[in-house]
Every structure is written in structure tokens, then in C-alpha cells.
Amino acid sequence: MTSTPSSNPPSLRPDLAPEPQFRDAPRDGQPTLGMVSLGCPKALVDSERILTRLRAEGYGISPDYAGADAVIVNTCGFLDSAKAESLEAIGEALKENGKVIVTGCLGAEPEYIREHHPRIHAVTGPHQYEQVLDAVHSAVPPSPNPYVDLLPAAGVKLTPRHFSYLKISEGCNHKCKFCIIPDMRGKLASRPVHAVLREAEKLVGVGVRELLVISQDTSAYGLDRKYSTHPWKGEEVRSHILDLSRELGRLAPADELWVRLHYVYPYPYVRDLIPLMADPDNALLPYLDIPFQHAHPDVLRRMARPAAAAKTLDEIRAWRATCPDITLRSTFIVGFPGETEAEFQHLLDWMDEAQLD
């Protein structure tokens, strides 16, 4: 249920994520659950963790509504269109199944959801794994069989086997005017570095060849932990994006593994990552996904962007001088309230000079 049905053969749809791994016929008496996962990769990781926990408790995973004793809808609430899609998915699940548990970002607004769908069984907020499990237990009691309910080392994955999302933190400390994420997912909460590296090592061990590092603000990783150090393979490693990237890049030879960083804010110490990207023996890809959002300082100030004062063109030139092969990806907001034609032209001129990929 996490995939979109298609009439095309699977070989012609390389972008289509496969169904969850557990497609065996349910054993007698085994409770089964369906999952509809909406939103960003961070939400997909939440769905994987929820399914992994439920599978470990003996629940089966159903690919359709009819075969599920209950359905979990992991929602998105970032944009009005995402809210509408989430409400539509909840309504479809109620119509087809009837027993629905809602979680995810839109779950931070339970009254809004119940106003539209009063018959839902339970509502929980984003990354509230224990509350989701409690809601599932009340709707469909578990019935585990320790002899047959086995779980692979990587858990339940909703991505193709060759890549996996690696979520390193949750939430964000910034208060950008256009973003509701801190209200829904809270302040920055980083995972300790050794826990992230252990998960990454397991994924590589079961055949993952591309690790997509994600968070809301990857550059800020570890700030909330005051960059605490933890033992890893005989060394002390900081919960810091530089140390984490270096160690991730050492998990396998560069011709066997790609490590790709997403959602990197252009803080000054990002330049320290570039030599790792230029190192042919490190698996860290020469790739940065940086949401610049705009270039004019006044627009950035109205947006309350944390990197508003950064001389980004100078930084880009410095990155390319160290690593000529670096690929830069970004996103921008135009038409932000108060933006003038001159400010918009400033952005276009900046993009001409930046030459993003």
C-alpha cells in the first residue's frame, strides 16, 4: 500500500518503490496492518521504523485495504495541498477499511483531522512511535509467534534495496517565516553519532549502495548535543556533520558506496566537508543539496533565513576551487510577500553567476 499501482511492467518503472518485503500469506491468527506513507523522505523513514517495530511484534503487512485489520496513514501537513492529499488518503482508508490510525505531521492538528473525519480510531503526531504502537495495540491486539516472526537486520524497507534514507536528526531550531516544520516536529533533536554509524553499517552490510543522509537541517547536526563524542571503532567521534560524513565515507570503498548529503545549510564549516568530497578514497559524493531559497539580503531577512548574511557566491567559488567536480542542487521561493521586481532580478543575476547544476 506504500506504492502506487501501475499498469507498466516493473522493469519499466525504476522509480517505483517495491512493496514491503513481507508478502507471505498470513499465518493463522496473524493480525495484519496496511500503511499509506505520504510526504517527504523523513516521513518515509518514520513509516519504515513503525513497520519494523510492528513486524517485530508479529504483525503482518498487507499490500491492500481488504487484507488489513487496520490501516495506518502517515500524513504530511507542510502545504495546504499536502493537507488535502492527507485528508483524501484518510477518507479513502476509512471507506475501504474502516479502522484507521493517523500519524505524521498533520497529526499535530488532531482537531482539524477529526473535524473532517470523526470516525478515525486514533491520531498521533510526527515521530511518536510509541503512541502509534499503543493505538495499533488497542485497535488490533498483537499475537506474536517467536518461532516464525523473523525480522531481517535492516528492518522493513520501503525503498529499493540499493539505497536507503539515513535520518540523523529530527526537528529544527530555525524560525523561517515560510516553514511550519518546527511547530510540527519540534526543535532539533540529533541522534548520537555512534547510533547513526551503526545503522549505516548494517545497511551497507545488507547490500545498500547509496546512503541518503537526511534531516531538516543537516548542517546543524549535533548542535543540540553540544557535539558530544562517542566511541566508534577505537576512536572518539563527535556528533558533528564533519565527523559523521568522514566516518560514513569510510564504511566501504568509494567504488562500492555513495554517501549523499541533503538539506545542507551553507554554514561556514560546510567548506570543511569539501576536501572529503574531493578525496577519491572517501565515499562521500561531491554533491550538496542546499536550500538557498533566495539571494537578495532583504528577502532573506524577511524570510528569517539563518544564512542570510553568508556570502554564498564566495563560498561556491571556494567549494569549486577545492572540488571542481562538485554538483550543487538548490531550491528557491519566488513571490515571497514583499519581494520587488528588483529583488527578483537580483536572484536571477545571482543564479546566472552561481551556475547551479
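Basis of the calculations
Residues numbered from 1 in each chain as written. Predicted model: local features only at pLDDT ≥ 70, side-chain atom pairs only at ≥ 80, totals over all residues. Heavy atoms only, no water. Buried < 20%, exposed > 50% of the residue type's maximum accessible area, 1.4 Å probe, protein only. Helix = DSSP H or I, 4+ residues; strand = E, 2+ residues; numbered from the N terminus. Arc of directions from axis to C-beta. Contact = heavy atoms within 4.5 Å. Phe/Tyr/Trp six-rings, centres within 6.5 Å; stacked < 30°, edge-to-face > 60°. Lys NZ or Arg CZ within 6 Å of the ring centre and 35° of its normal. 1 Å grid on protein atoms, 1.4 Å probe; cavity = no way out; pocket = protein on both sides within 12 Å on 5 of 7 lines; lining within 4 Å. Points joined across faces, edges and corners; volume = space filled by probe spheres on them. Nonpolar A, V, L, I, M, F, W, Y, C, P; charged D, E, K, R; others polar. Expected span 1.5 Å × (residues − 1). Core = buried A, V, L, I, M, F, W, Y, C linked by side-chain atoms within 4.5 Å. Salt bridge = Lys/Arg side-chain N within 4 Å of Asp/Glu carboxyl O. Pairing = 2+ DSSP bridges. Axes fitted to C-alpha atoms, helices over the stretch in contact; angles between N-to-C directions. pLDDT = per-residue confidence, 0-100.

Each turn of an α-helix holds 3.6 residues, which means side chains three or four residues apart point in the same direction. Turning to helix 4 (residues 129-139), its buried residues number three or more, namely Tyr129, Val132, Leu133, Ala135, Val136 and Ala139. Along helix 4, the residues classed as buried sweep out an arc of 160° about the axis, all on the same side. Exposed positions of helix 4 whose direction lies more than 90 degrees from the buried face are Asp134 and Ser138. Where helix 4 is buried, its residues touch strand 1 (32-37), helix 1 (41-56), strand 3 (70-75), strand 4 (100-104), strand 5 (122-123) and strand 6 (163-167).

The next point concerns the side chain of Ser86. Note that Ser86 resides in helix 2 (residues 80-96). Overall, Ser86 belongs to the buried group, its relative accessible area being 0%. Those residues in contact with Ser86 that lie beyond four places of it in its chain are Leu38, Thr75, Cys76 and Leu106.

Looking now at the packing of aromatic side chains. By the definition in use, this model includes six aromatic pairs. With a centroid separation of 6.5 Å and an interplanar angle of 25°, the aromatic rings of Phe292 and Phe332 are classed as stacked. Here Phe292 is found in the loop between strand 13 (284-289) and helix 9 (297-303), whereas its partner Phe332 is found in the loop between strand 14 (327-329) and helix 11 (341-354), with 40 residues between them in sequence. An aromatic cluster is present here, built from Tyr265, Tyr267 and Tyr269 joined pairwise through their rings. Taking the ring centre of Tyr112 as reference, the NZ or CZ of Lys83 above it sits at 5.4 Å. A cation sits over an aromatic face here: Arg260 above Tyr287, 4.5 Å from the ring centre.

With that settled, consider the layout of surface pockets. Here the second largest pocket defines a volume of roughly 760 Å³. Every residue lining the second largest pocket is counted, 32 residues in all, and those nearest its centre are Phe78, Cys179, Ile181, Gln216 and Gln293. Of all the secondary-structure elements, those providing two or more residues to the lining of the second largest pocket are helix 1 and helix 5 (181-185). For the lining of the second largest pocket, a count of residues per class yields 19 nonpolar, seven polar and six charged.

Let us now look at helix 2. Taking 1.5 Å of rise per residue, 17 residues should cover 24 Å, and helix 2 covers 24 Å from first to last C-alpha, within 8% of that figure. Listed as buried for helix 2 are Ala82, Lys83, Ser86, Leu87, Ala89, Ile90, Ala93 and Leu94. Relative to the axis of helix 2, the buried residues are bounded by an arc of 160° and lie together on one face. Structural note: helix 2 exposes Asp80, Ser81, Glu88 and Lys95 on the side pointing more than 90 degrees away from its buried face. Turning to helix 2, the residues buried within the fold contact strand 1, strand 3, strand 4 and helix 3 (110-116). Positive phi appears at Gly98, one or two residues downstream of helix 2, with a value of about 100°.

In this structure, Leu211, Leu244, Leu248, Leu288 and Trp319 are the most contacted members of the largest nonpolar core, which totals 48 residues. When residues of this core are traced back to their parent elements, those giving at least two are helix 6 (193-205), strand 9 (210-214), helix 7 (241-248), strand 12 (258-261), helix 8 (274-278), strand 13, helix 10 (312-322) and helix 11. With six residues, helix 6 is the single largest residue contributor to this core. Look past the residues within four positions of Leu244 in its chain and what remains in contact with it is Ile168, Val193, Val196, Leu197, Tyr221 and Arg238. Counting residues in hydrophobic clusters, the runner-up holds 26 residues, among them Met35, Leu44, Ala70 and Ala122.

So, about the pattern of salt bridges. Per the stated rule, a full pass over the model turns up 19 salt bridges. Measuring nitrogen to oxygen at the nearest pair gives 2.6 Å for the salt bridge that ties Asp46 to Lys167. With a gap of 121 residues between them, Asp46 in helix 1 and Lys167 in strand 6 connect regions that are remote in the sequence. Grouping residues by exposure puts Asp46 and Lys167 together as buried. The partner of Asp243 in a salt bridge is Arg238, with the nearest N and O atoms 2.9 Å apart. For Asp243, a relative accessible area of 5% translates into the label buried. Relative accessible area serves as the criterion here: at 31%, Arg238 is assigned to the partly exposed category. Residues participating in the shared-partner salt-bridge network are Arg238, Asp243, Arg246, Glu247 and Arg250.

Strands sit in the order 2-1-3-4-5 across an open sheet of five strands; the sheet is parallel. Strand pairing shows two members of the sheet lacking a second neighbour, strand 2 (60-61) and strand 5, which therefore form its edges. For strand 3 and strand 4, the ladder comprises five bridges, and the chain directions are parallel. Paired with Asn74 across the strands is Thr103, a residue of strand 4. Each of strand 1, strand 2, strand 3 and strand 4 touches helix 1; the most contacted strand, strand 1, lies at about 175° to it. Helix 4 contacts strand 1, strand 3, strand 4 and strand 5 of the sheet and is inclined by roughly 180° relative to strand 4.

In the predicted model, the protein chain carries a mean pLDDT of 86, and the fraction of residues at 70 or more is 88%. Here residues 2-23 scores under 50 on pLDDT; set against residues more than four positions off or in separate chains, the count is 33 contacts.

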